[in-house]
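Structural overview for review
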Amino acid sequence: MDSEVITVRTGDRPVVRDITEQAAAFVAGRGDGLLHVFVPHATAGLALIETGSGSDTDLLRAVDDLLPADSRWRHQHGSPGHGRDHVLPGFVAPYVTVPVLDGRLALGTWQSVCLVDPNPDNPTRQVRLSFLPAA
Amino acid sequence: MDSEVITVRTGDRPVVRDITEQAAAFVAGRGDGLLHVFVPHATAGLALIETGSGSDTDLLRAVDDLLPADSRWRHQHGSPGHGRDHVLPGFVAPYVTVPVLDGRLALGTWQSVCLVDPNPDNPTRQVRLSFLPAA
Amino acid sequence: MDSEVITVRTGDRPVVRDITEQAAAFVAGRGDGLLHVFVPHATAGLALIETGSGSDTDLLRAVDDLLPADSRWRHQHGSPGHGRDHVLPGFVAPYVTVPVLDGRLALGTWQSVCLVDPNPDNPTRQVRLSFLPAA
């Protein structure tokens, strides 16, 4: 399978990182099919949202509101509140699929492929990009 | 790739629109593979839920409870509270995949393919249906 | 398509059931491609999370907090609060996709394929495993 792993710097604070450019470069020239983006981590997710107008910050805020980084969680390893990072992938899944037509992502105008990383303990992340040809 | 875009009317109020019929018609006669449903919009999602027994309304209610359409959001374009519509796809993803066997969707008895559109500002939506053959 | 249905016992209480072993056995020897896991039920979801350190319990807790099993729901069939089980798949989708390389799931060290079943009324569940070869 056409599949490769890229490294994305996420730093030491919760972040939404736009990786559309890397995804687009990966499928360029590949014809028709499906792009599969996958994060092989248990404390990160992927989302297709708009970036650059505040929605990335809004998504992190929603994650904080819905899954507070406090002491409620059974999972107690890592930084305080880290247990919620492990719950995140249940709601913000660690995969995304995007149609590819003639080597181009068929995203809407305002959609970006984004890595959602609430976890301050991992400054870099792996992301696997895979291409399934249509025929 | 066998891929086409359909237009779905969602009107000027938040709505869950059942598009199972269109999805089933699209895969009819195509053999085995995977149906990929994709919404190329930044303020809508897709869900596989039961319709006709109130769960579509319940889902909209949950969206309102969890992501209130108020002034908390950084994203401030559009109608008041519209910022939450941009957060929605982080939790209700804009893609869905369904196995197809002998040209039929392998859905459970109570599952429907649904477009979830909380955004009153876009009365029509595009939905891309794509088929990946199994071999 | 290489596709089969397995039966998973979920019992009469909300549960997160790790089915990684069955998924790994299904793709063994199949080469490169994509594993598609699908639950043909309207009251269950699938998640890729860590198990064995409390996060499975934490996920059920988050489901209870975010989608309380009370009388608020329009859908009123089944056990009290069952309406929320029908909303769950809107947020915890009933499908998951995982890259397969040389017959092995390309999961991260701490990721498991998990069936999320908040519904006490169905003691067993069907899960469909399908494999899409890369070429």
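Everything below is about the structure shown above.
This section reports on the structure supplied with the text. Starting afresh in each chain, residues are numbered from 1 along the sequence in its written order. Working convention: letters from A go to chains and numbers from 1 go to ligands, in the order in which they are written. Local features are withheld for residues below a pLDDT of 70 in this predicted model, meaning they are given only at 70 or higher, and side-chain atom pairs are given and counted only at 80 or more; totals for whole chains, interfaces and linings count all residues.

1. Considerations on the relation of the copies chain C and chain A
The condition is simple: Copies overlap after least-squares fitting; the atoms used are the C-alpha atoms of residues with pLDDT of at least 70 in both.
Note on the identical chains: chain C maps onto chain A by a rotation of 120° and an axial translation of 0.0 Å, with an RMSD of 0.0 Å. On the angle and the small slide along the axis, the relation comes out as a three-fold axis. Relative to the rotation axis, the C-alpha of F91 of chain C is the closest in chain C, positioned 3.4 Å from it.

2. Points about the interface of chain B and chain C
Quick note on the threshold: We call two residues in contact if the C-beta atoms placed from their backbones are at most 7 Å apart. Think of it this way: any DSSP run of H or I at least four residues long counts as a helix, any run of E at least two long counts as a strand, and we number them from the N terminus.
Between chain B and chain C, the residue contacts involve 30 residues of the former and 27 residues of the latter. Residue assignment for the side of chain B that touches chain C shows that the elements contributing at least two residues are β3 (33-38), β4 (45-49), α2 (55-66) and β5 (95-101) of chain B. At six residues, the largest contribution of residues to the side of chain B that touches chain C is made by α2 of chain B.

3. Describing the interface of chain C and chain A
For clarity, the threshold we go by: Charged residues are taken to be Asp, Glu, Lys and Arg, nonpolar residues to be Ala, Val, Leu, Ile, Met, Phe, Trp, Tyr, Cys and Pro, and polar residues to be all remaining types, Gly included.
Across the contact, 30 residues belong to chain C and 27 residues belong to chain A. For the side of chain C that touches chain A, the elements supplying multiple residues, two or more each, are β3 (33-38), β4 (45-49), α2 (55-66) and β5 (95-101) of chain C. Broken down by class, the residue content of the side of chain C that touches chain A amounts to 19 nonpolar, eight polar and three charged.

4. Describing the relation of the copies chain B and chain C
Mapping chain B onto chain C is achieved by rotating through 120° and translating by 0.0 Å along the same axis, at an RMSD of 0.0 Å. An asymmetric contact is evident, with only 17% of the interface residues of chain B recurring at the interface of chain C.

5. Here we look at the environment of A25 of chain C
Residues and elements named next belong to chain C. Selection criterion: To sort residues by exposure, count the other C-beta atoms lying within 10 Å of each residue's C-beta; 20 or more gives buried, 12 or fewer gives exposed, and values between give partly exposed, all with C-beta atoms placed from the backbone.
The residue A25 is located in helix α1 (residues 20-27) in this model. Judged by the 11 C-beta atoms lying within 10 Å of it, A25 is exposed. A C-alpha to C-alpha distance of 8.9 Å links A25 and R104, two positions 79 residues apart in sequence.

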